[in-house]
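The residues making up each chain are set out below.
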Amino acid sequence: MNAGILNKNDKDNKEEINLSVRLGNLFLKYPVMPASGTFGYGEEFFEIIDYSLFGALVTKGISLEPSKGNEMPRICETPCGLINSIGLENVGFERFKEEKINFLKKFNIPIIVNFFGKSIEEYSIMAEKLSDINGVSALEANISCPNVKEGGRSFGADPEIVYEIVSSIKNCSALPLIVKLTPLVTDIAMIAEVAEKAGADIISLVNTFPAASIDIDKRKFKLSRGYGGLSGPAIKPIAIKLVNDVYNAVRIPIIGMGGISSWEDAVEFFMAGATAVAVGTGAFSNPHLISQITAGVKKFLYENNFSNIYEIIGIVNN
Amino acid sequence: METKKIISGNFEVTVNIKVKDTDNTYLLRIKNPFIAQNFIPGQFVMIKPNFCCSDPLSARPFSVFRKFNENEFEILYRVCGKGTELLSNVKKGDYVSVTGPSGNGFKILNNKKSQNIYILIAGGIGIAPLFSLPDFIKNHIIKNSIKENEENENYDLEENNKIILYYGSKTENELYFRHSIHSSYDEVYFATDDGSFGYKGNIVDLLFYNMKDYCLKNFELKNKDKNNEEDKKIVFVNQEVIKSEENVSIKEQLNIQFYSCGPKPMLSNLINKFRDYSLDIFKKHSLQVSLEEHFACGIGVCLGCVIKINSNNNNNSDNFIFKRVCKDGPVFEASELYNY
Ligand SMILES: Cc1cc2nc3c(=O)[nH]c(=O)nc-3n(C[C@H](O)[C@H](O)[C@H](O)COP(=O)(O)OP(=O)(O)OC[C@H]3O[C@@H](n4cnc5c(N)ncnc54)[C@H](O)[C@@H]3O)c2cc1C
Ligand SMILES: Cc1cc2nc3c(=O)[nH]c(=O)nc-3n(C[C@H](O)[C@H](O)[C@H](O)COP(=O)(O)O)c2cc1C
Ligand code: FES
């Protein structure tokens, strides 16, 4: 499927273009990865595709205790978008450690474990426990989930709490820490700066945007919880702007995401300042997307006489 | 070539035509040998006609209707919204994005020592996942008997295996292929709500009306006099008697499998009747249903399509767990479903 993309001077192309990136102490061969919650624990996609062009593998958000998630309906489609209210359903720390991590370790690709807590304390407990698992390459703290009342939303919107969570995680884990920001704040640059000061190694954004859709015949919200989080192409222009805001505010690298569904979209994120990108909803209807993006970005760099990905990162501000 | 269970790519449409006598039902034929040769009835494919466009965003699930030949498979679909509308405009020679075959199909549990009846219950477009089942059952039986050839000499395939279809819909033209479908079955029963074709009324009622006959009419019952009126009553009607050991042993001679797909009200009616009549106390008399939910990913990663399944874990505060229709289903054993 992705073969056709690399045809012209295939060999030179591959040798010359360097796609590898460094995110703090995390080295990625390719700057493209799945977005948390859209890749399960890696098992399902592997029945369809190979992960050889993936920069990292990223898990569904994990909590201390298993979580059952929300009532149905949990998803609905809107023009160019998807609203979900899964409710952070996950297998919990113990089952992740016993049943899920071993599969991910087979691939020799960095493993990023996304996690969340119900309290500041739980974030650090989780960070400590996850750091003890052999094979985890980096942690991604989701401080932004808009779905669950007691987790998420409030943490990521309050700078003081962001500082406290990030610094307490850094105190009990030596792994590279990615802090995943909520997009719905007045000043995302300020939140990112706070996270950087508190010791974050990497910033990732955006998470989904709070959104709702109504069935006019039933006169009801389409989702059981009323609202959910919007993802997909509909949010891409907002995500580009937010990534660029953060790029101009912090020195640490950024993983950009939100609506990426082609390699061109990914290039936009790099140009806005992302050092790596993540793909979520887009891979649902095209499982080959991540590999196609890796190949497409490489071809783009080659055809435009760039020799590595860093030459285009944040290029719009240079 | 590495072996993957599911294939994903853009494949050529070789036929996309409206089914005769219908307003909005189409038959789509797609060239893909892997899916044509490997799907199990009940499995589905995700199809996106507008593969580089974002509205509608997600691919849509469709049951594999049948294998057309070694290289092509078909789906039968009803236009009911944006995605299916777009699909109906696809022309021969166009490419559509396809991922599949996905999910768990129907399981065939045939028992060589007993007589097997396979009863398929379809509602309207719900015929789609069931359509290939008769061939699949026959192949399965033949394969199994070849395997166990030696003890098999006096086993009569025809006599010991009956496939029966119950097919209902609102009205005549939603009973697809009603004039040709007989050839795959030993018996076919039709019902329409408006009485325009077959029995006037509900297909589930018709099935239960006939249910008591399956043990008495089609097969010889050992130990019991088949003309005995008392016997008729015990079969599927009176759950008190059905539970008594003596009668269970009679039923043991019979292996009845039920397979169903249709609109939710029909399925819940069917499942509830099964519960009322305690048909699920016989493990051998399984009822498998193919369910529908809205899908986003269709491959099991987004957790958007879950349904409730009975939980046998007592520590669980609730008595259900969530399972994904797209990955753990779409075919489920009816007795697993929680409050369906
Ligand atoms: C496993 C599986 C197999 C299926 N097989 C077939 C098949 O063989 N033939 C066929 O015609 N259809 C099948 N369907 C249903 C089909 O997927 C939907 O009709 C289709 O997704 C509608 O898309 P749309 O964009 O046209 O409609 P939308 O614009 O998405 O919706 C139109 C209307 O249909 C309803 N709807 C949409 N999807 C579903 C659904 N999954 N269940 C119930 N209501 C729905 C919506 O609520 C809305 O009222 C199957 C569904 C599943 C889950
Ligand atoms: C079904 C679904 C589940 C998600 N679950 C998580 C999660 O567990 N943790 C998290 O940090 N983000 C989660 N996200 C957010 C994504 O990782 C991503 O930030 C967002 O979807 C935007 O990217 P996209 O438009 O490419 O999907 C989820 C998104 C979707 C669609
Ligand atoms: S549709 Fe995503 S898990 Fe079933």
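Residues numbered from 1 in each chain as written. Chains lettered and ligands numbered in written order. Predicted model: local features only at pLDDT ≥ 70, side-chain atom pairs only at ≥ 80, totals over all residues. Heavy atoms only, no water.

Draft legend 1. The UniProt feature "binding site: FMN" (unreviewed entry) in chain A, seen in detail. Within this structure's numbering, the places UniProt gives as "binding site: FMN" (unreviewed entry) are A:Ser36, A:Lys60, A:Gly61, A:Asn114, A:Asn142, A:Lys180, A:Val206, A:Gly232, A:Gly258, A:Gly259, A:Gly280 and A:Thr281. The subset of the named residues that lines the largest cavity consists of A:Ser36, A:Lys60, A:Gly61, A:Asn114, A:Asn142, A:Lys180, A:Val206, A:Gly232, A:Gly258, A:Gly259, A:Gly280 and A:Thr281. We classify A:Lys60 as buried; its relative accessible area is 9%. With sequence-adjacent residues up to four places away left out, A:Lys60 is seen in contact with A:Ser36, A:Gly37, A:Gly40, A:Tyr41, A:Ile86, A:Leu88, A:Glu89, A:Asn90, A:Asn114 and B:Leu303. Tracing the backbone shows A:Gly232 in the loop between strand S14 (227–231) and helix H7 (236–247). Judged by relative accessible area, which is 2%, A:Gly232 ranks as buried. Other than its neighbours up to four places away in sequence, A:Gly232 contacts A:Cys80, A:Gly258, A:Gly259 and A:Thr281. (UniProt positions renumbered as here; feature names shortened; annotations may be inferred. 1 Å grid on protein atoms, 1.4 Å probe; cavity = no way out; pocket = protein on both sides within 12 Å on 5 of 7 lines; lining within 4 Å. Buried < 20%, exposed > 50% of the residue type's maximum accessible area, 1.4 Å probe, protein only. Contact = heavy atoms within 4.5 Å. Helix = DSSP H or I, 4+ residues; strand = E, 2+ residues; numbered from the N terminus.)

Draft legend 2. Broad picture of the pattern of salt bridges. Residue and element names in this part refer to chain B. Tallied over the entire structure, the rule returns 23 salt bridges over all chains. Between Arg 29 and Glu 74 there is a salt bridge, with its nearest N and O atoms 2.7 Å apart. Pair noted here: Arg 29 is in strand S2 (residues 25–31) and Glu 74 is in strand S6 (residues 72–78), with a separation of 45 residues, a long-range link. Glu 74 matches Arg 29 in its accessibility class, with the two residues each being buried. (Salt bridge = Lys/Arg side-chain N within 4 Å of Asp/Glu carboxyl O.)

Draft legend 3. Layout of the site of ligand 2. Residues in contact with ligand 2 amount to 23 residues; listed here are only the nearest, A:Ser36, A:Lys180, A:Val206, A:Gly259 and A:Thr281. Near ligand 2, residues from chains A and B are present, making the site a shared one. The contact in question runs from a nitrogen atom of ligand 2 to an N or O atom on the side chain of A:Lys60, over 3.1 Å. Contact distances for ligand 2 include 2.6 Å between an oxygen atom and a side-chain N or O atom of A:Thr281. Relative to its unbound accessible area of 610 Å², ligand 2 is 98% covered by the protein chains. Across the shell around ligand 2, the residue classes break down as six nonpolar, 15 polar and two charged. (Near = heavy atom within 4 Å. Polar contact = N/O pair within 3.5 Å; in protein donor to acceptor, adjacent residues only side chain to side chain. Areas by Shrake-Rupley, 256 points an atom, 1.4 Å probe, with all protein chains shown as cover. Nonpolar A, V, L, I, M, F, W, Y, C, P; charged D, E, K, R; others polar.)

Draft legend 4. Focus on the sheet that holds strand S1 (residues 7–18) of chain B. Residue and element names in this part refer to chain B. Pairing in this open sheet of seven strands is antiparallel, and the strands run S4-S3-S7-S1-S2-S6-S5 from one edge to the other. With partners counted over all chains shown, the strands left at the sheet margins are strand S4 (60–63) and strand S5 (66–67), one partner each. Inspection of the sheet shows S1 paired to S2 by five bridges, in the antiparallel sense. Bridging across to S2, Asn 16 finds its partner in Leu 28. (Pairing = 2+ DSSP bridges.)

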